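Residue strings, one per chain:
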Amino acid sequence: MNEKIVSLPVDADDYAHIAQKKIRQQLYQDAIPYLEKAIRLNSRQDYYIDLATCLVKAGKTEEGVHILFERIVKEEDFAVYFYQLSQIYTEIREPNKAFLYGLYYVQLTDDQDYFDTLKTTFEVTYTSQTAVEAESTLYVAQQLFQYLFSHGRIDESIDWLSSQPVHIQERKEMRNLKAMAYLFMSKYNEAEALLEQLLTEDETDIHALCHYTLLLYNTHQHEKFNHYLQRLNKLHPINEDESFKLGIVLSFLKQYSASQQLLLPIYKKKNLKNAQLLHALSFNYFALGQVKESEEMWRKLQSFSKASPSPKEVHETSQFIEKDIVPLLHSDDRHARIVGLFKLSQLPYKEAIISKELWDQLEQMGDYEKLYLSYIFSELQLVKLDFIHQGLVLLWQLNQSTELLLSWVDKAQALIELNELKEVSAYTAACYYLYMKRTAAISVQHCAELFHLTRYRLNKALNFYKQNNI
């Protein structure tokens, strides 16, 4: 009896062979997992190129392009990826990008045959080859910077800019990008030096004006900030790029109406699938009272970029901070301030929602509160504050009453003074039991079960409280 033996793939070449078969059958989506497995075993350039091609063919152009971008920033020999980018944009009929990536490939390799192909395919005419090559280099530098910057790789984005030829680094577009990166990293001195030089050269440079106004806002230079904010509101962008930049910055600075006037026409004209644009429009709509439109923009944003928090979440959380947390932070009672900081630590998206004004207030708090802030946000190991915090977390999961949390901080501080730090779950449960039994029927057994304790451990904690008048 003849038996057909099916051999399973065992190495990168086997997976790549299966992928190639799928590609010949135009089953591009099916080829992708085999190429990914091949890459895990062997990081060959042709595997990455095939993967990028399949992603584009499967309708995932941005993902395919990002595969190539990632190889460009990681490999020393990356010229072939620019050739592939040129091919991708030729196929999807974006001639300007196809030409610029192709010309950059030619500069790296001196492939004159491909240069002739580019000139013929795109019917390019120019007066200076040096100038058009510089535009190609500038475009590529900007695209790779934006890729790294948008993925939070700010140091790498600055390194990429710094690796460009000096005459490209000196272009105002590049200096603005570097200033933006410095600004994002809170390197205000470096950003300020670049921006003031740019504004000395051209006081109407919208990008520099936007970045400088953000710098003034972040560094609390209120008088100058208000002056430059007025200037921003009076600017008249001359193209979509400037309108986009100004609109995004005005939205961040809560100038929602002015921002909307700039950004909405761009969206309606091009229906751009751009995360920054949709994010700003959603916040603009919400601030202007158009909640349905805001939620629609947020849904579109979430379809390809899991941004958070939403305008509604920001609004609701900000109200909670103002009504519930800020009074605690301003209390004369140190334990109340600790509860306020704890509540702040439990907020979702707290880093994105806490305003600069509130952060400034937090930085002015006393040493004890600053230690707790360091424990929460910088993971500084502090035994006593950890004891308090762990009890607060246990209580928060069951009941978020400020009075209950305050009761625990009071009891925890008494326990700390007695050097009784071992049974945080039992002492927290005892605190919960004593608080709840004032207004509701609760048994020791039920309370012990809530905290996953034995009745013995809970009773022991309750007795300790009683014996020490806690």
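Residues numbered from 1 in each chain as written. Predicted model: local features only at pLDDT ≥ 70, side-chain atom pairs only at ≥ 80, totals over all residues. Heavy atoms only, no water.

Where an unreviewed UniProt entry is consulted, the protein appears under the name Tetratricopeptide repeat protein, with the organism given as Macrococcus brunensis.

Peer 1: Report on unusual backbone geometry, specifying residues and quantitative values.
Peer 2: With a phi close to 60°, H220 is a non-glycine residue in the positive phi region. Of note, H220 is situated in the loop between α13 (206-218) and α14 (222-234). (Helix = DSSP H or I, 4+ residues; strand = E, 2+ residues; numbered from the N terminus.)

Peer 1: How would you summarise the domain arrangement of the protein if you had to cite specific residues and measurements?
Peer 2: Each domain of the protein was delimited in the assignment, giving domain 1 (309-380) and domain 2 (383-469). A separation of 24 Å is found between the C-alpha centroids of domain 1 and domain 2. Taken together, the contacts link 15 residues of domain 1 with 15 residues of domain 2. Carbon and sulfur atoms make up 72% of the surface buried where domain 1 meets domain 2, a total of about 1,400 Å² over both sides. The largest per-residue losses of area from domain 1 upon contact with domain 2 belong to H335, F342 and Y375, which jointly make up 41% of the total buried on that side. Our enumeration of links across domain 1 and domain 2 arrives at 0 salt bridges. Applying the counting criterion to the domain 1 and domain 2 interface returns 6 residue pairs in polar contact (both at pLDDT 80 or more). (Domains from an automatic or database assignment. Contact = heavy atoms within 4.5 Å. Buried area = accessible area lost by both parts, 1.4 Å probe. Salt bridge = Lys/Arg side-chain N within 4 Å of Asp/Glu carboxyl O. Polar contact = N/O pair within 3.5 Å; in protein donor to acceptor, adjacent residues only side chain to side chain.)

Peer 1: Tell me about the environment of H227, and name the residues and values.
Peer 2: For H227, the position within the fold is in helix α14. Taking the C-alpha atoms as reference points, H227 and T213, separated by 14 residues in sequence, lie 8.9 Å from one another.

Peer 1: Break down the environment of S257 for me, citing the residues and quoting the values.
Peer 2: Relative to the elements of secondary structure, S257 occurs in helix α16 (residues 256-270). Overall, S257 belongs to the partly exposed group, its relative accessible area being 39%. (Buried < 20%, exposed > 50% of the residue type's maximum accessible area, 1.4 Å probe, protein only.)

Peer 1: Give a description of helix α28 (residues 455-467) that names residues and reports values.
Peer 2: In this model, α28 (13 residues) spans 18 Å end to end at C-alpha, consistent with the 18 Å of a helix rising 1.5 Å per residue. By the burial criterion, the buried members of α28 are L458, A461, L462, F464 and Y465. With its buried residues spanning 155° around the axis, α28 presents them on a single face. Relative to its buried face, α28 has exposed residues pointing more than 90 degrees away, namely Y456, K460, K466 and Q467. Buried residues in α28 make contact with α25 (402-417), α26 (424-436) and α27 (444-450). Looking one or two places after α28, you find N469, whose phi comes out positive at around 55°. (Expected span 1.5 Å × (residues − 1). Arc of directions from axis to C-beta.)

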